[in-house]
Amino acid sequence: MHNNPKRYFEGNNIDEIYLDLIREISTNPEHRVSPRGMAVKETNGVVVRLTNPRKCLVTLEERKLNYAFTIIEKLEYISGRHNAERIEFYNSNFSHWKNDLGYFDGAYGPRIAYWREHIYKLLKKDPDTRQAVYNIYSANDRHATKDVPCTLNHQFFIRDGKLNMIASMRSNDILWGLPYDINAFCFILEFYSAVLGIPMGTYTHIAGSMHIYEEREEQLTKLLKSPIRYNEIENPILLSYDYNRLLYEMDILFMLEYLYRGNPIRSIEIINLESSLSSGIAPYWNMLQAHIDKKVKSNGR
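Keep in mind that what you see is a predicted model, and the values were worked out from it rather than measured. (Residues numbered from 1 in each chain as written. Predicted model: local features only at pLDDT ≥ 70, side-chain atom pairs only at ≥ 80, totals over all residues. Heavy atoms only, no water.)

**Details of the pattern of salt bridges**
Using the criterion set out here, one finds 15 salt bridges in the structure. One salt bridge in this structure joins E62 and K64, with 3.8 Å as the shortest N-O distance. Judged by its relative accessible area of 33%, E62 is partly exposed. In this structure, the salt-bridge partner of E257 is R261, at a minimum N-O distance of 2.5 Å. (Salt bridge = Lys/Arg side-chain N within 4 Å of Asp/Glu carboxyl O. Buried < 20%, exposed > 50% of the residue type's maximum accessible area, 1.4 Å probe, protein only.)

**A look at helix α2 (residues 67-79)**
Taking 1.5 Å as the rise per residue, α2 with 13 residues should run 18 Å; its terminal C-alpha atoms sit 18 Å apart, in good agreement. Counted residue by residue, α2 has 12 buried out of 13 residues, so it is predominantly covered. Where α2 is concerned, the buried positions are A68, F69, T70, I71, I72, E73, K74, L75, E76, Y77, I78 and S79. Directly beyond the C-terminal end of α2, a positive phi value near 85° is found at G80. (Helix = DSSP H or I, 4+ residues; strand = E, 2+ residues; numbered from the N terminus. Expected span 1.5 Å × (residues − 1).)

**Quick notes on the packing of α2 against helix α5 (residues 177-196)**
Contact geometry for α2 and α5: axes closest at 9 Å, N-to-C directions at 45°. It follows that α2 is oblique to α5 by the angle criterion. Of the two elements, α2 crosses α5, and the hand of that crossing is right-handed. Residues F69, T70, E73, K74, L75, Y77 and I78 of α2 pack against Y180, N183, A184, F185, F187, I188 and F191 of α5. Of the residues belonging to the contact of α2 with α5, the class tally is 10 nonpolar, 2 polar and 2 charged. (Axes fitted to C-alpha atoms, helices over the stretch in contact; angles between N-to-C directions. Parallel < 35°, antiparallel > 145°, perpendicular 65-115°, else oblique. Left-handed = near helix turned anticlockwise from the far one by under 90°. Contact = heavy atoms within 4.5 Å. Nonpolar A, V, L, I, M, F, W, Y, C, P; charged D, E, K, R; others polar.)

**Some details on the packing of α5 against helix α7 (residues 243-262)**
Between α5 and α7, whose axes approach to 9 Å, the crossing angle comes to 135°. Taken together, α5 and α7 sit at an angle that is classed as oblique. α5 and α7 meet at a crossing whose hand is right-handed. Counted together, F187, F191 and V195 of α5 and Y243, L246, L247 and M250 of α7 form the full contact between these two elements. Counted by class, the contact of α5 with α7 contains 7 nonpolar, no polar and no charged residues.

Written as structure tokens, this is what we have:
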């Protein structure tokens, strides 16, 4: 294959970086390999650097990202939750990865939650620390499973008065994995930024294997002509928050989601719970509610 593949991608919004990645890995991959019999084009040691982590949501029209699922995924990560039924409601494709007991072996939420407060206290106590790191892939994954975590670890640095994050991946599929991963991980960065009261700096994403599945290459090349919609679709913004208050509001949101998904009626209980949400979390609930309404209507309930 080519001897000089591009390995470094930097920009201030993920849409432009994403298009550059598709172009480069499609036309100038470092390798062609077939892990588990699936042909891929791959480049090793790819670095993506996002200089404005708020612009972390892929908005390309042709990508048809499941925006409701992006909310569930990132809120589960930082809140420490894992609910297979909820995940499948928002993304039925995940059913393939469940184990025989009906849950996901590689769920990130419980793994991140184990470290969440430790990282917060460490950064608060020693802003210059180099120890603010947690592993996601671990010795616990040394067994046969359909759901092996693609993420190795996350590390945080406070430098020049800003909070930066590095995510290390063992493997990243450009079409399916990368748009969700970067959006979710930038939310984790935003969470710590909000509770520490420190502005976000940069987000860096390092992939051992950055790849595309050749059977999906035609779908990827269509994306190169797709309109970008960053002014139409944006994540809500978390500003300064008390650590426990922000986690409490996430608990409220998950309770709202559970109640409304089971019985999509705006009861007094729903309205009262909604009043507990601040401007940083309430928009996420509004989007989930709209998704549930749409799904219920399409299913004829």
